[in-house]
Every structure is written in structure tokens, then in C-alpha cells.
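Spelled out, the chains give:
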Amino acid sequence: MLSIFKWKMKIFYSNRILILILFIIPILIFSIASPSLKITSNPKINVSIIDEDKTDLSKEYVKKLQNDDRIITTNLSYSEAVKEIEKNNISGILIVKKGFSEKIQEADNNQLLELIYPKDNYYFRSLSDIFVQHYFKDLTVNRNINYVMDNFEIERELYEKEYYQQYNNLNKDLYEFQFITREISGGESEANLFNEKNLLLYRYLFGVVFLIAYILILIQSIETKIDNKGIREKIILSRVTFPQFYLGNLLGGVVPIFLILVVQTFIFSLVSDAVFKIELLIYILLFSLGVGLLSNFIVKVFKNSRNIYLIIPYYIIIIWIFGNILVNLDFLSLVNIKGNILPGASTIEAITGIMMNFNIITIPLIVREISLTFIMIVLVTLMEYKEFKNATN
Amino acid sequence: MLKKLKLMGFELKNSILNIKILMIVIVLPLLTVVLFNFAFSSLIDQGPLFDVGLVDKEKTPTSTYLIQEILKDDDITSLINFVQVKEEQSLEKVQSGELKGVFIIPENFTDNLIKMKNTPMELIYKENDIVVAYAVNGISDSFSRYIQEVQKSISATYYTTSKFENLKDHTQKINNSISFIMISEIFNRKNGIIQNQLENIPTTTSGVYFLVMVELLIISFISLYFTYNYKKEKLLNKKIQTVGFKKYEIKILKMASYLVFINIQIVIIFVPIFYYLTESISLKYILFLNLISLFLFSLWFLISSLIKKENIFIAISTLIIVTSNLFGGTLFPLVLMPYNLQVVSKMTPNYWLGREFLYLITGNVNIINIGIIIFLTTAFLYLSMKGDGIDA
């Protein structure tokens, strides 16, 4: 068993350039993305602003937009801005309409701004609230003042002076409005370290790590196929039994991936707010085992190892979709399947949950993963036994 | 000339009769597009992505009004569709996945708002469901700002009116009325914006862009497959040389026949979906995809001439494709990437090729970019011929 294990490890590490690239890519990406992970990094929208009103209030409004770190502003003419939208260099145009300031003072919330953007840009449309936030205060204040002016006889100047004084004297902290979030999985958890807006980015980076692990272990399985690199001869000469060959072959693929993943996730925890816990070692081992078996299974199904290389892109797509990396596959519930159906995917869920400090119940995930692993063990054993017999005969 | 056509015909016939090639060129790309559509259609859809429940624990006329306003407001977010649910069903519906989250309006919520007290609103969702987390947190963040502004303005009115002799007696009445008006103001806040949507300008968040990027992924692998086949047929190519063909002629003729196959795939899969999405199709799009294919062929030929071992060649090329797709906008939307990662994405060919395709659609072709692609294609092909020479 040890000799097979050693051969596999040796073959695995013999392709140093590939291993190095696959090992370094995720670490490089973490390092590049880490500044964005530690702060509230909203993706920015790029807008060209045209001020048709040109009053003090509209200028002040434009200044507020320019100071908003969610927005990148430019000053282009209408036709230039449309050209830039067509080139995807900016997301849209914001026109501060003539009469903006007058209408704000009258608390008339009608035709204050015009937003021009491509119909296809759903992202920009969902962010249009940003532009309201910067004039909403003036609008509400004037609505309050005007209500009193319209219904009671009082000198405007005097009332306004008192109103602004009262407004400025308010203890603003008292008005912090909170949403309480409750997790449906139950149980107590530590405070979540993550800003919700960064979650997508974290999931994406975890996706990169695990996707590369899937590919790496598949390449390892292809390269150490029984008919490659004299393995058949080595089996015959060393007279290993099937269980010894089976375990050695499996562990030879699983152990290096396990080690690489441990190092990568640990480094990820150092450069981000993700946490590395000792229990992760078990989950990473389980992931490596599931994915190792899956790779062995694929290698057995496709007899020609060069063909397997060519299915890698489709393998990537399947992992990206069925591995539950960015999206939950609701469409599978149509056939009464809920959750992950790819070996390794459930443990990815558990590992990311633990590293991101989610209050996640891992037992159902682990049960599903172990069930899938068991199925893979049965399938791979049957196929490998046949292959082993053929090789030794 | 006839001899050359014969060689192309031979190559085509061999490919058409090869089930494996048909699988790789037609069946697998079709499956890819179907799978992508299933998995990512919700992310590029114009309609709401999911349902979120609203529970009214207050049950007063004001809270009923508040719920009605939320339900009829299409503009709160393009991602969420609100539905009213009973409290006892809410948790179960989130657990079963029927609802992606629930907002609970607590008892005395609006009453406390009027009294300038803050009762936090409860929000339940599966926290590891990132798209939901992203959307509901966006809403809660936005609403928190509006509620705070409204409360501050109402409070200032309350304190101001109580300072004036002739308003003192009306303070409570003014407070109640203005509070009600201001709650409506939150929901009507976007009345001041005229939304002018430009037609036929696809962006990097659009379905068309997504289709183009998936097509790029598919072409990358089909071209890699054919290049790999070419490399494998080294002996056959040498035999063809003996009947009077030059090495570069064989390469170019074979590449032309591979291109025919890629065009079959483009016409069968890409064109119908593109037409479905945009209701238009133009020859220039197909020509540009051909240019992209040629560029990719030249890149793979160059790599294959530098790397002798087939497995290393495939592994390195696969790595290039994976990296380009992970960071170039295919598997993760560019707009959601932070600035640093967007810089990385600009280093991938997919980013530039996808962008150039968008320019083509809007009629803003960047001649310099096209020139660079043609130059690189020619240079890579030339260098690959040199590499072949070294190899021989």
C-alpha cells in the first residue's frame, strides 16, 4: 500500500510547474482581493452627471454624490455620455432637472431627476435608490415645514429658524434604525464578522479554491491511471493485493489535495476575516476523499485519458453549477432533489459556513456527503477491482 | 487548388463521421447553454428573483396601510417580490424554500414610529444564501436611512411646534398627521426620478453578454480540442507533406476545416439564442466569432509548439481557459467584482474579447482592438510555425 501511495505522491509532485501554478493561483487571488474583503467594498457605479438646474442646492446635491464612495462621477455632455454608455465605460447618466431646487423647497417630489441607462443593466436599476438618498433629507424637512405653513398661520422665517435649530440639536444617535436578523437554522453563534455585501465575493473566492482542487485531483487521477507511467508493471512486480492497491491509489490522490487545501484555507484566513478552525481539517479531508473518489470514477468511465482532459471545461461548468458555489439550484426541486448532488459540494457548504462563522448545522450536509462518498466507494471499488484483475493477469 | 480542397474535404468528412467530435462540437455546447440558462437565468432576469414574506404583528390601520404600500411598490428593489404571510406559517415557508426571507413588522411598530421610538424590524432569512442576503440587506440598509430621516424631520417638527404658543395645543395632532404623510413619502420617494431606459445597449450584466461569454468558453475548448487532434496527427501530417503540401499549408487548411465545424456550432446553437435575446442577428457577429476562433487557434498552436508533451500542453491550456473564465466575467459578473479583481479581469483575453463583442453590437467597433487581435493571431501563428520547425 505504501509503495503505491509513494508512487502516486511522486507522480503528483513530478509535474511541479502545474502544481505550483494551481497552488499559487488561489493564494495570489486572495492577496489581490484581500483589501476588498476587509472593508465594506461596494462595487461602484460610474455615472455622468448633468446639472441643468445650476443652483446652490443642485450644486450641493451633486457634491454629495461626488463624495459618495459608491458612485464614480464624470462630467460629460449628453451625447458623449451616451457614447460612453454604449462602450460600457459608464453605467448611466443622471440629469438634475431644471427646477430641482425650487421643487425640493416646495416639497414637490416630481420630476427632480432623470436617470438614463441601458435597459439591460438590471444592476444599475437596482441601485437607483442611491440617488434619492442624497435629497431625501431636504425633501422631508421641507415637507414638514410646509405642512405647518399650509395649515397654520405662522411667520415662515421664524418657524424655519426654530425648526432648523431643533433639527440640528437632535441627538442623531437616537434615530439609528435597526433591523434584527434571525437565522432559521437555530442555535447560538458568535457575532458574524462579515459584511453582507462581501458575502458574494467570499463565496466566489472559496469557489475558486475548491474548483481548482476538483481539477487538480482529476489531473492527478488521469496521470496516475493504471496503464500510465509503468504502474501496471509496478503492481505486478511488488505483488500488492487489491485492498493495498486500492487504498494506496486513493490516498495518493487524497493526501496531497488535502495538504494543499489546508495550506490555502489557512492562508485565506490570514488575509481575510475568514476563520480557520481545527475541525475544518476533518471537513477538508472528507471533501478530498469525496472528490478523489469522483475523479477516480471519471477516470474509470473514460478509458482514453486524453479525452478526459477535453471534458475538463464541462466538468468546470458542472462543478460551478451543481457544486452550489454561487447559486442555489431551485430547479432541481422540480425533480424532488434539494441541495447538493455532487460529491464534495456539501462539504464545501460546511467549510465555507464554518470559515465565514455562519450558524450552520453541518450534520445534514455531512450525512449527505458520507452517503455520496459511500456510493462512490462502491462504484469505484467495482470498477477498480475489474481493472486490477486485468492488470495483474 | 483542387488538391487543397480535397484535403479540407477529407478532414471535414473525418470529423463529420466522428461521433466524439460531434459530441464535443454540438452536443456538449448545447448542454452547457441549457445548464447555464437553468442556473443563472435568475441572475440576469429582469423580473424579481424571489419571494419575501411580510408579517404584520401590529395589525392596526396604519400597519395595514404600510403593508399595502410595500406590496404595490414595484420599485423597492428589482430583486424581490413581497407577499403577505401569517406569522405562524412564515418560518416553515422559509425553511421549505417557498419564501427566501421574512420581514416582521413588530407590535406597536408604526405607533412607536409616531412616538419617535424605534422598534427594530425583524428579518429572517437563511444567512448562507448569499444572493438573498445581498438583496434583503440592501433593502434594510436603504429603509433604515429613510426611516431615520423621516423620524428626524418629524421630531424636529414636534419640538418646534411645542415651542410656539399658537401651535402648542396642536402638536400631537400635527405629529400624527405628518407621520402618516411621511410614511407614504418613504414609498413614494422615487416619484422624483424619471427613468429613461435605453434600448439595444447590452451591458456586462445582460443576457446577451452572458451568452457571448459562454460561447467564448465553448469555442476556447473546441479550438483546443482540434489543436490537440492536430498535434496527435503529427505522423499523418508528415505523410501529407510527402504528397507536395507544405507544413504551413497543412496547418492552415486543417484550421479552415476546423473553422467550418465551429461555424456549424455557431449557427446551430449561438445564432438562435442570440436572435431570441435580441431579435436581430448580423453576419458581423459571426465573423467576429471566427476571428476569435482564429486567435484562439493561433494561441493553442503556439503553446503546442512550445510544449512537446500532450498532457502538459492540455493541462496548461486548460489552466489558461479556466483562469480567463473565472476572472474574465463568465463565471462571476464583472460589476460585482471589487476594483482590484477588475484589474485582474482586464488581464484576461475573455474580458477584451467580450467587451469588443459589445462594441460590435452597439456599432462602436474599436479598430485598434481588432487590429491587436489580428496582429496577435498572425504573430502567434508565425511563431508556432517556427516552433514546429524546432520540434521537427
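Residues numbered from 1 in each chain as written. Chains lettered and ligands numbered in written order. Predicted model: local features only at pLDDT ≥ 70, side-chain atom pairs only at ≥ 80, totals over all residues.

Asker: Would you take a moment to explain the overall build of chain B for this structure?
Answerer: Tallying secondary structure elements over chain B gives 16 helices and five strands in all. Nonlocal contacts in chain B, meaning residues at least 24 apart in sequence, comprise 71% of its contacts between residues at least 6 apart. (Helix = DSSP H or I, 4+ residues; strand = E, 2+ residues; numbered from the N terminus. Contact = placed C-beta atoms within 7 Å.)

Asker: Mind showing me how you'd approach the overall build of chain A here?
Answerer: Along chain A, the regular secondary structure elements total 15 helices and five strands. Of all 393 residues assigned to chain A, the portion counted as buried reaches 43%. Sequence separation of 24 or more characterises 77% of the internal contacts of chain A that already satisfy a separation of 6 or more. (Buried ≥ 20, exposed ≤ 12 C-beta atoms within 10 Å, placed from the backbone.)

Asker: Would you mind showing me how to read the environment of B:Phe332 here?
Answerer: Within the secondary structure layout, B:Phe332 lies in the loop between α13 (310-327) and α14 (339-345). Assessed through the 24 C-beta atoms surrounding it within 10 Å, B:Phe332 is described here as buried. Separated by 193 residues in sequence, B:Phe332 and B:Ile139 place their C-alpha atoms 23 Å apart. The contacts of B:Phe332, once residues within four sequence positions are left out, are A:Tyr204 and B:Met337.

Asker: Would you take a moment to explain the nonpolar core for this structure?
Answerer: Soluble, globular proteins show a tendency: their nonpolar side chains are buried together. A:Leu205, A:Leu211, A:Ala213, A:Tyr214 and A:Ile215 are the most contacted members of the largest nonpolar core, which totals 122 residues. Broken down by element, this core gets its largest block of residues, 19 residues, from helix α9 (residues 199-223) of chain A. Those residues in contact with A:Tyr214 that sit more than four places away from it in its chain are A:Val291, A:Ile319 and A:Gly344. Among the nonpolar cores identified, the runner-up in size contains 67 residues, and A:Ile71, A:Phe136, A:Val141 and B:Ile124 belong to it. (Core = buried A, V, L, I, M, F, W, Y, C linked by C-beta atoms within 7 Å.)

Asker: Just to check I follow, could you spell out helix α8 (residues 171-187) of chain B for this structure?
Answerer: All names here are of chain B. The end-to-end C-alpha distance of α8 is 25 Å, a good match for the 24 Å that 17 residues give at a rise of 1.5 Å each. Within α8, the full set of buried residues consists of Ile-174, Ile-178, Ser-179, Met-182, Ile-183, Glu-185 and Ile-186. Projection of α8 onto a plane perpendicular to its axis shows the buried side chains occupying an angular sector of 160°, all on one side. Residues of α8 that are exposed and point over 90 degrees away from its buried face: Lys-173 and Ser-184. (Expected span 1.5 Å × (residues − 1). Arc of directions from axis to C-beta.)

Asker: In this structure, what is going on with the packing of helix α7 (residues 129-151) of chain A against helix α8 (residues 156-169) of chain A? I would like to understand it.
Answerer: The relative placement of two packed helices comes down to the angle between their axes together with the axis-to-axis distance. Residues and elements named next belong to chain A. Where α7 contacts α8, the two axes come as close as 11 Å, and the packing angle between them is 140°. Classified by the angle their axes make, α7 and α8 are oblique. The hand of the α7/α8 crossing is right-handed. Residues Val-141, Ile-145, Val-148 and Met-149 of α7 pack against Arg-156, Tyr-159, Glu-160, Tyr-163 and Tyr-167 of α8. Tallied by class, residues from the contact of α7 with α8 come to seven nonpolar, no polar and two charged. (Axes fitted to C-alpha atoms, helices over the stretch in contact; angles between N-to-C directions. Parallel < 35°, antiparallel > 145°, perpendicular 65-115°, else oblique. Left-handed = near helix turned anticlockwise from the far one by under 90°. Nonpolar A, V, L, I, M, F, W, Y, C, P; charged D, E, K, R; others polar.)

Asker: For this particular structure, what's the right way to read the environment of A:Ser31?
Answerer: Mapped onto the elements, A:Ser31 comes out in helix α2 (residues 16-38). Separated by 122 residues in sequence, A:Ser31 and A:Glu153 place their C-alpha atoms 64 Å apart.

Asker: Explanation requested: the sheet that holds strand β4 (residues 113-118) of chain A in the structure shown.
Answerer: In spatial order, the strands read β2(A)-β1(A)-β3(A)-β4(A)-β5(B); together these five strands make up an open sheet with mixed pairing. Edge positions in the sheet fall to β2 (71-74) of chain A together with β5 (193-198) of chain B, since each has one partner strand and no second. Strand-to-strand twist in this sheet, taken as the mean axis angle between neighbours without regard to direction, amounts to 25°. Taken together, the five bridges between strand β1 (residues 45-51) of chain A and strand β3 (residues 92-96) of chain A define a ladder with parallel strand orientation. (Pairing = 2+ DSSP bridges.)

Asker: Quick question: what am I supposed to make of the packing of helix α11 (residues 247-278) of chain B against helix α12 (residues 283-306) of chain B here?
Answerer: Residue and element names in this part refer to chain B. Two elements in contact, α11 and α12, have axes separated by 10 Å at closest approach and are oriented at 135°. The orientation of α11 relative to α12 falls into the category oblique. Between α11 and α12 lies a crossing of right-handed hand. Packed against α11, whose contacting residues are Met-255, Leu-259, Ile-262, Asn-263, Ile-266 and Phe-274, the element α12 presents Tyr-285, Ile-286, Leu-289, Asn-290, Ser-293 and Phe-297 at the interface.

Asker: For this particular structure, what's the right way to read the confidence of the model for chain B?
Answerer: When pLDDT is low, close inspection of the predicted coordinates is not appropriate. Here chain B averages 80 in pLDDT, and 88% of its residues register 70 or above. Quick note on the complex model: pTM equals 0.75, ipTM equals 0.73. (pLDDT = per-residue confidence, 0-100.)

Asker: Would you mind showing me how to read the confidence of the model for chain A here?
Answerer: All names here are of chain A. Of the residues in chain A, 78% have a pLDDT of 70 or more, and the chain-wide mean is 79. Across chain A, the element-wise mean pLDDT spans from 64 in helix α10 (residues 231-238) up to 93 in β3. Low confidence marks residues 186-193, where pLDDT is under 50. Its contacts with residues over four positions away, or in another chain, come to seven contacts. This stretch, residues 331-337, has a pLDDT under 50; its non-local contacts, to residues over four places away or in other chains, come to five contacts.

Asker: Got a minute to help me understand unusual backbone geometry in this structure?
Answerer: Trans is the prevailing form of peptide bonds, just as negative phi is the prevailing case for residues other than glycine. Residue and element names in this part refer to chain A. Phi at Lys-54 is positive, roughly 50°, even though this residue is not glycine. Residue position: Lys-54 is located in the loop between β1 and α3 (56-67). According to the C-beta neighbour criterion, Lys-54 is exposed, with 12 such atoms within 10 Å. Backbone geometry at Gln-111 places phi at a positive 50°, although glycine is not the residue there. Position of Gln-111 relative to the elements: it lies in the loop between α5 (100-105) and β4.

Asker: Would you take a moment to explain the environment of B:Thr161 for this structure?
Answerer: When you line up the elements, B:Thr161 lands in helix α6 (residues 130-161). Sequence separation between B:Thr161 and B:Val260 is 99 residues, and the spatial gap between their C-alpha atoms is 80 Å. Not counting residues within four places of it along the chain, the set of residues in contact with B:Thr161 comprises A:Val148, B:Leu167, B:His170, B:Thr171 and B:Ile174.

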